[in-house]
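Structural description and commentary
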Amino acid sequence: GAKLLLHGLCSNTTVRSLDLKGNNLRTVGAEALGKLLRQNKSIRSLILEWNSLGVWEEGFSFFCQGLGANTSLQRLDLRNNQINHQGAGELAMALKQNSSLQELDLRWNNIGLLGGRALLNCLHSNKTLKRLELAGNNVPSDILKAVGNTCSPLSASEQAMDHNQERQTILSETQNRTYILSKEVLSLKDEKTRQFLDLMDTIDKQREEIARSGRMSATQVSQLQEALDEQHSIMNSLKAKLQMTEAALALSEQKVHNLGELLNATKQEQSSTAERHFMELQQQKQECVDRENKLLHDLSAASEKNLLLRNQVDELEKKCKVQQEQLFQVKQDLTNTTAELKLRALQAEERLEAEKRRFKQNLEDMESLRLKEVDRMTQHMETSERSMQDRIQRLEAVRIALEEELSQVKAAAFVERGQAEEELIKVRNQARLEEQQRLEHLEEKLRLMTESRDEAQHCCLKQKQMVAEAQAKASQLSLHADGLRRRLEELQQDLNSKEEEKVTEVNKVKVELQEQIGHLQAERTAQEGLREKIAALERQLKAQSSNHREALLDKEGEISMLLEKLRMKEADISRMREEEAQRASFLQNAIMAYVQGSPLGTHGSRR
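Taking an unreviewed UniProt entry as the reference, the protein chain is identified by name as LRC45 protein belonging to Columbina picui. Per its UniProt entry, the protein chain bears the Subcellular location (unreviewed entry) comment "Cytoplasm, Cytoskeleton, Microtubule organizing center, Centrosome".

Right, here's the structure in full:
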């Protein structure tokens with residue numbers, strides 16, 4: 001049974017003390033104990049009193065080998081085990097190898113002089129053994145004194161009385177220290193519990209604050225989302241306004257085309273009038289020829305009239321030249337007005353393109369800022385991140401679709417503008433050629449005809465009226481374009497103000513989150529410091545509890561010894577009482593028998 005028990009304890013790691021007192025363990029038990037001491041590393045105290053381990057040398061040598069290989073045992077009790085001087089020599093060899101044993105009790109054995117010398121010699125190499133009891137082993141007193149001096153933790157030159165006094169003072173100091181440490185440990189436990197409760201309260205408060213901040217951030221995110229939705233609605237309205245402006249531009253282009261058609265009609269009318277004048281001139285020429293034939297006879301009379309007519313013709317030619325110069329100025333004014341209209345149209349297109357680019361850049365900046373802010377907010381709110389990412393993807397899809405539609409509309413507008421410009425260039429070239437031809441015909445006609453001058457003046461007045469109307473329309477278009485620009489600038493200012501508000505709100509949220517993170521990190525560091533303090537205190541408590549347990553185990557062993565002695569003495573006292581009672585009963589019986597057998601007794605009985 002002891003063998004099975006010790007084999008089971010070989011793999012145990014929780015048993016600290018083992019008491020096998022009075023079990024009559026011999027060779028098999030000694031071998032099992034040696035195996036236990038080799039394999040087990042948790043037993044600190046081993047009590048083997050009132051056994052027979054030293055009877056067989058082989059089993060005890062195996063036990064000593066296990067003791068030499070052990071590194072955890074601190075107290076060994078081998079009282080009354082019939083150990084002789086050979087067993088003491090093996091113990092000495094084991095103590096030379098052992099580096100953990102502090103107390104060894106070998107009282108009431110048969111070690112003798114040789115065993116005492118062997119143990120004394122091994123103590124020079126062993127520096128951990130502090131207590132060695134050799135009473136009742138037939139060991140000389142000088143060896144016992146030498147063993148006491150070597151086993152004491154003080155130097156070998158001090159005397160036994162000083163050693164005992166210092167030992168008593170050390171014990172009293174250790175008791176006082178243990179009492180003070182126990183008080184400190186209790187106070188530290190109280191403080192630790194208070195700190196733990198305070199930490200739990202602070203953690204609860206922090207959790208509540210985090211929940212509040214999460215709610216506030218959620219509300220802020222919802223507000224930001226609403227602001228983004230408003231901005232998207234504003235963007236849609238701006239896009240609608242852009243479409244309206246493009247429609248207005250298309251209408252203006254149509255008006256320009258209509259004006260070109262009116263110019264063509266006027267040119268055709270001028271050509272038709274020129275043909276009519278040409279036909280009338282031919283008829284007039286024929287009439288003039290006829291008249292010349294008739295008036296040849298009247299040349300002499302008409303010479304003076306011819307001079308007068310020549311003077312009139314000169315004046316008319318001068319007037320025609322003046323009118324030609326006026327026509328040239330009118331043509332230059334027309335070209336200048338057309339150039340100015342073109343420049344204004346180009347400037348309006350460039351401004352529209354620049355505003356579109358700025359708008360796109362603002363959109364891209366807004367989207368990049370929003371993406372960055374959403375990426376930062378995702379670290380604290382993953383759920384809101386997913387919803388925002390889905391919304392952002394939808395909005396990006398809508399934006400891409402809108403950009404594609406805008407690009408298509410722009411491409412169509414550019415194509416239409418190119419076609420319109422080509423048509424205008426063709427019409428202008430044709431108009432220039434026709435005007436040159438017409439001017440040549442008009443110069444020839446003006447030299448001949450005075451009536452065509454009036455008609456040309458009427459045509460010029462009509463053209464001036466048309467130009468004035470065109471200029472008025474151009475001024476109206478420029479005013480409308482300026483109003484649209486002002487609206488765009490106001491909308492951009494609103495967008496910039498909203499962006500600044502959003503950036504300020506996001507920065508505030510970031511600062512609050514960073515402050516909360518800093519507070520949490522500081523609290524974590526404080527908690528880690530408290531945990532380290534708690535771990536150190538727990539280690540101290542464990543060490544003190546282990547020391548107290550060892551002291552209690554030692555005291556319990558002494559108490560058990562004293563109880564056994566008391567039981568023995570009580571048994572002796574009961575035996576003595578029984579013997580005395582028996583003796584008293586024997587004496588009483590003897591006295592009664594003697595009294596009854598004596599004549600005095602018989603006489604007294606008769607009386």
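1. Comments concerning the overall build of the protein chain
For the protein chain, the helix and strand inventory stands at 11 helices and 5 strands. Over its C-alpha trace the protein chain gives a radius of gyration of 65 Å, far above what one expects of a compact globule, namely 25 Å for 607 residues. With respect to the principal axes defined by its C-alpha atoms, the protein chain has extents near 240 × 70 × 50 Å. Scored against the burial criterion, the 607 residues of the protein chain give a buried share of 26%. Taking as baseline every contact in the protein chain between residues at least 6 positions apart, the subset at least 24 positions apart corresponds to 84%. When the accessible surface of the protein chain is summed, it comes to about 42,100 Å², and 54% of that surface belongs to carbon and sulfur atoms.

2. Things to note about the nonpolar core
Within the largest apolar cluster, 42 residues are counted, with the highest numbers of intra-cluster contacts made by Leu33, Leu48, Leu76, Leu78 and Leu106. If you list the elements that add at least two residues to this core, you get helix 1 (2–9), helix 2 (27–39), helix 3 (57–69), helix 4 (85–97), helix 5 (112–122) and helix 6 (141–151). Leaving out residues up to four positions away in the same chain, Leu78 has contacts with Leu48, Leu53, Phe63, Ile83, Leu91, Leu104, Asp105, Leu106, Arg107 and Asn109. Core analysis: the second largest hydrophobic core is formed by 8 residues, Ile234, Met235, Phe359 and Leu495 among them.

3. Overview of the UniProt feature "coiled-coil region" (unreviewed entry) in the protein chain
What UniProt calls "coiled-coil region" (unreviewed entry) maps, in this numbering, to residues 221–255 and 299–579. Between the end C-alpha atoms of residues 221–255 the distance is 50 Å, and the span holds 100% helix and 0% strand.

4. Re the side chain of Arg75
Structurally, the position occupied by Arg75 is in strand 3 (residues 75–77). One polar contact links Arg75 to Asp554, side chain to side chain, over a distance of 3.1 Å.

5. Digging into the sheet that holds strand 5 (residues 131–133)
Pairing is parallel in the open sheet, where 5 strands are placed in the order 1-2-3-4-5. Each of the sheet's edge strands pairs with one partner strand only, and the pair in question is strand 1 (17–19) and strand 5. Adjacent strand axes in the sheet meet at a mean angle of 0° when their direction is disregarded. When strand 1 meets strand 2 (residues 45–47), the two strands line up parallel, connected through 3 bridges. Bridging from a neighbouring strand, Ser17 pairs with Ser45 of strand 2.

6. What to know about helix 5
Within the span of helix 5, buried status applies to Gly112, Gly115, Gly116, Leu119, Leu120 and Cys122. Viewed end-on, helix 5 has its buried residues packed into an arc of 165°, placing them on one side of the element.

7. Some thoughts on the packing of helix 3 against helix 4
Two elements in contact, helix 3 and helix 4, have axes separated by 8 Å at closest approach and are oriented at 15°. For the element pair helix 3 / helix 4, the angle class is roughly parallel. Handedness of the crossing formed by helix 3 with helix 4: right-handed. For the pair helix 3 and helix 4, contact is made by Glu57, Phe60, Ser61, Cys64, Leu67 and Gly68 and by Gln86, Gly87, Glu90, Leu91, Ala94 and Gln97, respectively. For the contact of helix 3 with helix 4, the residue count by class is 5 nonpolar, 5 polar and 2 charged.

8. Describing a negative patch on the surface
Residues Asp198, Asp201, Asp204, Glu208 and Glu209 make up a contiguous surface patch of negative charge. Take Asp201: its relative accessible area is 42%, and that puts it in the partly exposed class.

9. Quick word on the state of the cysteines
A complete count under the given rule lists 0 disulfides for this structure. Take Cys10: it sits in no disulfide, and the sulfur closest to it among the cysteines is that of Cys64, at 17 Å. Given a relative accessible area of 9%, Cys10 falls into the buried group. Of the cysteine sulfurs around Cys64, a residue in no disulfide, the closest is that of Cys122, at 11 Å.

10. Re the packing of helix 2 against helix 3
Across the interface, helix 2 lies against helix 3 with an axial gap of 7 Å and an inter-helix angle of 10°. The angle between the axes of helix 2 and helix 3 places the two elements in the roughly parallel class. Helix 2 and helix 3 meet at a crossing whose hand is left-handed. Seen from helix 2, the contacting residues are Thr27, Ala30, Glu31, Leu33, Gly34, Lys35, Leu37 and Arg38; seen from helix 3, they are Gly59, Phe60, Phe62, Phe63, Gln65, Gly66, Leu67 and Ala69.

11. A closer look at a nonpolar patch on the surface
There is a patch of nonpolar side chains on the surface, built from Leu587, Ile591, Tyr594 and Val595 and spanning about 450 Å² of accessible area. You can see Leu587 is positioned in helix 10 (residues 451–597). Judged by relative accessible area, Leu587 falls into the exposed class, the value being 54%.

12. Quick word on the pattern of salt bridges
Under the defined criterion, the tally for this structure stands at 11 salt bridges. Note that Asp77 and Arg79 form a salt bridge whose closest N and O atoms lie 2.8 Å from each other. By relative accessible area, which is 2% here, Asp77 ends up buried. Among the residues examined, Arg79 registers a relative accessible area of 10% and is labelled buried. Salt-bridge contacts for Asp105 lead to Arg79; the nearest nitrogen and oxygen are separated by 3.4 Å. Taken together, the residues Asp105 in strand 4 (residues 103–105) and Arg79 in the loop between strand 3 and helix 4 connect sequence positions 26 residues apart.

Each value, and the rule that gives it
- Residues numbered from 1 in each chain as written.
- Predicted model: local features only at pLDDT ≥ 70, side-chain atom pairs only at ≥ 80, totals over all residues.
- Heavy atoms only, no water.
- UniProt positions renumbered as here; feature names shortened; annotations may be inferred.
- Helix = DSSP H or I, 4+ residues; strand = E, 2+ residues; numbered from the N terminus.
- Rg over C-alpha atoms; globule rule 2.2 N^0.38 Å.
- Buried < 20%, exposed > 50% of the residue type's maximum accessible area, 1.4 Å probe, protein only.
- Contact = heavy atoms within 4.5 Å.
- Areas by Shrake-Rupley, 256 points an atom, 1.4 Å probe, with all protein chains shown as cover.
- Core = buried A, V, L, I, M, F, W, Y, C linked by side-chain atoms within 4.5 Å.
- Polar contact = N/O pair within 3.5 Å; in protein donor to acceptor, adjacent residues only side chain to side chain.
- Pairing = 2+ DSSP bridges.
- Axes fitted to C-alpha atoms, helices over the stretch in contact; angles between N-to-C directions.
- Arc of directions from axis to C-beta.
- Parallel < 35°, antiparallel > 145°, perpendicular 65-115°, else oblique.
- Left-handed = near helix turned anticlockwise from the far one by under 90°.
- Nonpolar A, V, L, I, M, F, W, Y, C, P; charged D, E, K, R; others polar.
- Patch = residues over 30% accessible without salt bridge, like charges linked within 9 Å, V, L, I, M, F, W, Y side chains within 5 Å.
- Salt bridge = Lys/Arg side-chain N within 4 Å of Asp/Glu carboxyl O.
- Lys, Arg positive; Asp, Glu negative; His and termini not counted.
- Charge placed at Lys NZ, Arg CZ, Asp CG, Glu CD.
- Disulfide = S-S within 2.5 Å.

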